[in-house]
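Each chain, written out:
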Amino acid sequence: MEKHFEILFLDDAYEFLKGLDRRHYKKILYNIRKVQTEPDPDLFKKLNNEIWELRTFYQGLHYRLLAFWDKTLTTETLVISTHGFIKKRSKVPDQEIQKAIRLRIKYFEEKKLK
C-alpha cells in the first residue's frame, strides 16, 4: 500500500520511544505504519490547527506522540513527531500541546536557516 506521509521523530520523540519496553514501542510503530497507509481518526487525530496526536492504547496505557505536518517539500509530505508522553487524563494537557507548538516553531526556524 502507498504511504500518505513519511514520519520524522525529533530528539524528544525518539528518546521517549527508546525508553519504552520493546513490546510497547513496537505497538506504537505498528499503529504509525497503519495510519501512514489508511486514515484512522482513532489513531491519528487533530488537536488544533497545527498539532496532531498519534494515539496508541496498549496494556492499559494511553501513549501519545504529538506531531505536525511539513508539506514544504514537493517530493513528499512529512509528519514530524515532536515528543511523546503517557496520557493520564481524558484530555491532552495544554502544556504538552504548547511544547509541541514550541518545537514546531523551532523546527521551521532551523529549516529556514539551512
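Owing to the predicted nature of the structure, the values given are computational and were not obtained by experimental measurement.

Engineer: Help me understand the sheet that holds strand S4 (residues 61-70), please; the structure alone is not making it clear to me.
Structural biologist: Within a beta sheet, neighbouring strands are joined by backbone hydrogen bonds and run either parallel or antiparallel to one another. Taken together, five strands build an open sheet; the order of strands is S1-S5-S4-S3-S2 and the sheet is mixed. Edge positions in the open sheet fall to strand S1 (6-9) and strand S2 (44-46), since each of these has one partner strand only. The average angle at which neighbouring strand axes cross in this sheet is 35°, direction not considered. One ladder, built from three bridges, connects S2 with strand S3 (residues 52-58); its direction is antiparallel. Residue pairing across strands places lysine 46 opposite tryptophan 52, the latter belonging to S3. Along the sheet, helix H2 (residues 22-37) makes contact with S1, S2, S3 and S4, crossing S3 at roughly 130°. Along the sheet, helix H3 (residues 94-113) contacts S1, S4 and strand S5 (78-87); its crossing angle with S4, the most-contacted strand, is approximately 30°.

Engineer: Before we go on, may I ask you to explain H3 in this structure?
Structural biologist: Two residues of an α-helix separated by three or four positions point the same way, owing to the 3.6 residues in each turn. Across its 20 residues, H3 extends 29 Å between first and last C-alpha, which sits within 8% of the 28 Å expected from 1.5 Å per residue. Here H3 has its buried residues at Glu96, Ile97, Ala100, Ile101, Leu103 and Tyr107. The arc that holds the buried residues of H3, viewed along the axis, is 165°, so those residues lie on one side. In this structure, H3 carries Asp94, Gln95, Arg102, Lys112 and Leu113 as exposed residues pointing more than 90 degrees from its buried face.

Engineer: It is not clear to me how the side chain of glutamate 53 should be interpreted in this structure. Could you clarify?
Structural biologist: Mapped onto the secondary structure, glutamate 53 falls in strand S3. Among the residues examined, glutamate 53 registers a relative accessible area of 2% and is labelled buried. Polar side-chain contacts of glutamate 53 include one of 2.9 Å to the side chain of arginine 64. The residues contacting glutamate 53, other than those within four sequence positions of it, are Leu43, Phe44, Lys45, Leu47, Arg64, Leu65, Leu66 and Val92.

Engineer: Got a minute to help me understand unusual backbone geometry in this structure?
Structural biologist: Leaving glycine out, the prevailing phi sign among residues is negative, and the prevailing peptide bond configuration is trans. Although it is not a glycine, glutamine 59 adopts a positive phi angle of roughly 50°. Inspection of the secondary structure puts glutamine 59 in the loop between S3 and S4.

Engineer: Help me understand the environment of leucine 78 in this model?
Structural biologist: As for its position among the elements, leucine 78 is in strand S5. According to the relative accessible area criterion, leucine 78 is buried, its value standing at 12%. For the pair leucine 78 and glycine 60, spaced 18 residues apart in the sequence, the C-alpha separation amounts to 30 Å. For leucine 78, the contacting residues outside a window of four places in its chain are Glu6, Phe68, Trp69, Asp70, Leu73 and Tyr107.

Reading the values: rules and limits
- Residues numbered from 1 in each chain as written.
- Predicted model: local features only at pLDDT ≥ 70, side-chain atom pairs only at ≥ 80, totals over all residues.
- Heavy atoms only, no water.
- Pairing = 2+ DSSP bridges.
- Helix = DSSP H or I, 4+ residues; strand = E, 2+ residues; numbered from the N terminus.
- Axes fitted to C-alpha atoms, helices over the stretch in contact; angles between N-to-C directions.
- Contact = heavy atoms within 4.5 Å.
- Expected span 1.5 Å × (residues − 1).
- Buried < 20%, exposed > 50% of the residue type's maximum accessible area, 1.4 Å probe, protein only.
- Arc of directions from axis to C-beta.
- Polar contact = N/O pair within 3.5 Å; in protein donor to acceptor, adjacent residues only side chain to side chain.

Structural measurements only, silent on function.
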